[in-house]
Amino acid sequence: MRVDAIRLRRLRIPLKAPFVTSFGCQTVRDVVLVEAQAGTAAGWGEAPALTAPLYNEETVETAWHLLEDFLVPAVLGQTLSHPSRVAELLRPFRRNYIAKAGLEGAIWDLWARVQGQPLAQLLGGTRDRIAVGVSLGIAPTVEHLLDEVAGFLDRGYRRIKVKIKPGWDLVPLSAIRHRFGSVPLMADANSAYAVSDLPHLRALDGLGLMMIEQPLAHDDLVDHARLQSELATPLCLDESVCSRDDARKALELGSCRIINIKAARVGGLTEAVAIHDLCRERGVPVWCGGMLETGIGRCHNLALASLPGFTLPGDVSGSDRYWERDLIRPEVVVDADGYITLPDSPGLGHEVDPDEIGRWIVRERTLTG
Ligand code: OSB
Ligand code: MG
């Protein structure tokens, strides 16, 4: 398959409600979409970097720069024998995983559509429905958070994740336990703690959390190992795992017992599948994380989450979690039991809505090879 053209679009789409984490408040989703063309076929990817380098070092602007000046030129005009070739072509460029994942994802979708196969099937997926959890941002008050939890549980969501930071942890989590009993509950700190917070983090150990996600630094494995040895609650790594090799080292050091896999954080689906395979060999549970994706990235996440090692509910909510109207048709819908059914049509299995995309474009460029 020869990649003839790549179109980059930067969109700014209002979120339904602000999303607050230990690293900041998002009110608008500023994001880069990648459309790859081969003949008359097109595939879509999303590079869900944040506007500011607060989650990892990338931004929407750096993702655009990398794509425009380095990544797209490395792939354009190339005849690819398989989408996994993209990761090899992009390997000389250091890091910039979110940018790479946007391009790689577009080519996986394009390939799957040309082959006439659902992306999930091409990746080795074995599930036909995905268990759904929700990630709740830091709320203005505990009451507000409890209302949000009640709303998502009513709509079937199967696990609750709460963003925490020092000053917003034990009280909101205990309040959820008190009101909702043994509901599957976890916390995500996005690196807001230090190893010196151990006595405080020990207090979370009594809450029966499924896991604590990324309590310590984004680039740390050693202190996470020390913390894990002191806590009964499993630690889960997000930011600290950017490759299969990072995952191997984390598991060998004992830095975590669970891994959140995001294709966007690890340079794309090929590396994400490699991390899944490693964890599966070692009996380590994984789940699919999210990055406030539009429907395009959301469908990539769902395809990934259909692999057999994804045994825990993911941050793969329905289109209506963040969007008044999503960019894809049909939208992603969560059923009353808290599952999303995978589509069986080729590629992402949903069509992008050009009018909806057109409403939010702030920048556009087509590169041809
Ligand atoms: O740490 O998992 C995270 C959103 C943006 C950046 C990082 C994270 C998140 C979320 C939201 O937790 C997950 C989602 O619903 O997309
Ligand atoms: Mg996280």
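Residues numbered from 1 in each chain as written. Chains lettered and ligands numbered in written order. Predicted model: local features only at pLDDT ≥ 70, side-chain atom pairs only at ≥ 80, totals over all residues. Heavy atoms only, no water.

Trainee: Would you mind going over the layout of surface pockets with me for this structure?
Mentor: Left-over empty space is what a probe sized like a water molecule reveals as it rolls over the atoms. Computed from the structure, the largest pocket encloses a volume of approximately 310 Å³. Listed by contribution, the elements that provide at least two residues to the lining of the largest pocket are β1 (5-21) and α5 (142-154). The element contributing the most residues to the lining of the largest pocket is β1, with five residues. Class assignment for the residues of the lining of the largest pocket results in ten nonpolar, two polar and five charged. Shared between two domains, the lining of the largest pocket takes at least three residues from each, and those domains are domain 1 (5-116 + 350-368) and domain 2 (121-341). Estimates place the volume of the second largest pocket at around 260 Å³. Around the second largest pocket, the lining comprises 16 residues; the ones closest to its centre are R91, Y97, K100, V266 and E271. At three residues, the largest contribution of residues to the lining of the second largest pocket is made by helix α3 (residues 97-115). Residues belonging to the lining of the second largest pocket are distributed by class as follows: six nonpolar, four polar and six charged. (1 Å grid on protein atoms, 1.4 Å probe; cavity = no way out; pocket = protein on both sides within 12 Å on 5 of 7 lines; lining within 4 Å. Points joined across faces, edges and corners; volume = space filled by probe spheres on them. Helix = DSSP H or I, 4+ residues; strand = E, 2+ residues; numbered from the N terminus. Nonpolar A, V, L, I, M, F, W, Y, C, P; charged D, E, K, R; others polar. Domains from an automatic or database assignment.)

Trainee: Help me understand the coordination of the magnesium ion (ligand 2) in this model?
Mentor: Put simply, the ideal angle at a metal is 109.5 degrees for four donors in tetrahedral geometry and 90 or 180 degrees for six donors in octahedral geometry. The coordination sphere of the magnesium ion (ligand 2) contains the protein donors D188 (OD), E213 (OE) and D238 (OD), at a distance range of 2.1 to 2.3 Å. Mapped onto the polypeptide sequence, the residues donating to the magnesium ion (ligand 2) form the spacing pattern D-x24-E-x24-D. One end of the pair, D188, is in strand β7 (residues 185-188); the other, D238, is in the loop between β9 (235-237) and α9 (244-253), with 50 residues separating them in the sequence. You can call D238 buried: its relative accessible area is 0%. (Donors = N, O, S within 2.8 Å, 3.2 Å for Na, K, Ca; no water. Buried < 20%, exposed > 50% of the residue type's maximum accessible area, 1.4 Å probe, protein only.)

Trainee: Before we go on, may I ask you to explain the pattern of salt bridges in this structure?
Mentor: Where charged atoms of side chains with opposite charge meet at close range, the side chains can pair. By the definition in use, this model includes 31 salt bridges. Two residues, R9 and E364, come together in a salt bridge whose shortest N-O distance is 3.5 Å. Taken together, the residues R9 in strand β1 and E364 in strand β15 (residues 361-368) connect sequence positions 355 residues apart. Residue K161 is joined to D315 by a salt bridge in which the shortest nitrogen-to-oxygen separation is 2.6 Å. Within this pair, whereas K161 is found in strand β6 (residues 160-163), its partner D315 is found in the loop between α11 (295-305) and β12 (328-329), the two being separated by 154 residues in sequence. Among the charged side chains, a network of salt bridges with common partners joins R159, K161, K163, D188, E213 and D315. (Salt bridge = Lys/Arg side-chain N within 4 Å of Asp/Glu carboxyl O.)

Trainee: Help me understand the domain arrangement of the chain, please; the structure alone is not making it clear to me.
Mentor: Quoted interface sizes are often the accessible area lost when the parts come together. Here the domain parsing of the chain yields domain 1 (5-116 + 350-368) and domain 2 (121-341). Between the C-alpha centres of domain 1 and domain 2 there is a distance of 23 Å. Between domain 1 and domain 2, the contact holds 41 residues from the first and 45 residues from the second. Between domain 1 and domain 2, a total of about 3,500 Å² is buried, with carbon and sulfur atoms accounting for 67% of that surface. Across the domain 1-domain 2 interface, the total number found is three salt bridges. (Contact = heavy atoms within 4.5 Å. Buried area = accessible area lost by both parts, 1.4 Å probe.)

Trainee: Please clarify how the site of ligand 1 should be interpreted in this entry.
Mentor: With respect to spatial proximity, 17 residues lie near ligand 1, and among them S135, K163, N190, L292 and Y322 are the closest. At a separation of 3.0 Å, an oxygen atom of ligand 1 approaches a polar side-chain atom of D188. Protein contacts shield 99% of the accessible area of ligand 1, which totals 390 Å² for the unbound molecule. According to the grid-proximity analysis, the pocket containing ligand 1 is the largest cavity. (Near = heavy atom within 4 Å. Polar contact = N/O pair within 3.5 Å; in protein donor to acceptor, adjacent residues only side chain to side chain. Areas by Shrake-Rupley, 256 points an atom, 1.4 Å probe, with all protein chains shown as cover. Sits in = over half its atoms within 2 Å of the grid points.)

Trainee: Would you explain unusual backbone geometry in this entry?
Mentor: For residues other than glycine, phi is negative in most cases, and the peptide bonds are mostly trans. At the junction of R329 and P330, the peptide bond is cis and its omega measures out at -10° in the coordinates. Assignment of secondary structure puts P330 in the loop between β12 and β13 (339-341). Backbone geometry at R95 places phi at a positive 50°, although glycine is not the residue there. Residue position: R95 is located in the loop between α2 (84-90) and α3. Unusually for a residue other than glycine, N96 sits at a positive phi of about 50°. As for its position among the elements, N96 is in the loop between α2 and α3. Residue N96 is classed as buried on the basis of its relative accessible area, which comes to 18%.

Trainee: Where do I start with the packing of α9 against helix α10 (residues 269-281) in this structure?
Mentor: Helices that pack against each other are described as a pair by the angle of their axes relative to one another and the distance between those axes. Where α9 contacts α10, the axes come no closer than 9 Å and their chain directions differ by 25°. Relative to α10, the element α9 is oriented roughly parallel. The two elements α9 and α10 cross, and the hand of that crossing is right-handed. Contact residues: α9 offers R244, A247, R248 and L251, while α10 offers E271, A274, I275, L278 and C279. (Axes fitted to C-alpha atoms, helices over the stretch in contact; angles between N-to-C directions. Parallel < 35°, antiparallel > 145°, perpendicular 65-115°, else oblique. Left-handed = near helix turned anticlockwise from the far one by under 90°.)

Trainee: Looking at this model, I keep getting lost on the state of the cysteines. Mind explaining?
Mentor: Simply put, the disulfide is a covalent bond whose two ends are the sulfur atoms of two cysteines. Tallying each qualifying case throughout the model produces zero disulfides. Sulfur of C279: no disulfide; nearest cysteine sulfur belongs to C256 and is 7.4 Å away. Sulfur of C288: no disulfide; nearest cysteine sulfur belongs to C236 and is 12 Å away. A relative accessible area of 2% places C288 in the buried class. (Disulfide = S-S within 2.5 Å.)

Trainee: Would you mind showing me how to read empty space enclosed by the protein here?
Mentor: Applying the stated criterion across every chain, the model contains three cavities of 30 Å³ or more. In this model, the largest cavity occupies a volume close to 250 Å³. Residue assignment for the lining of the largest cavity shows that the elements contributing at least two residues are β1, β5 (134-136), β6 and α11. Taken together, the residues of the lining of the largest cavity sort by class into eight nonpolar, eight polar and nine charged. Three or more residues apiece are contributed to the lining of the largest cavity by two domains, here domain 1 (5-116 + 350-368) and domain 2 (121-341).

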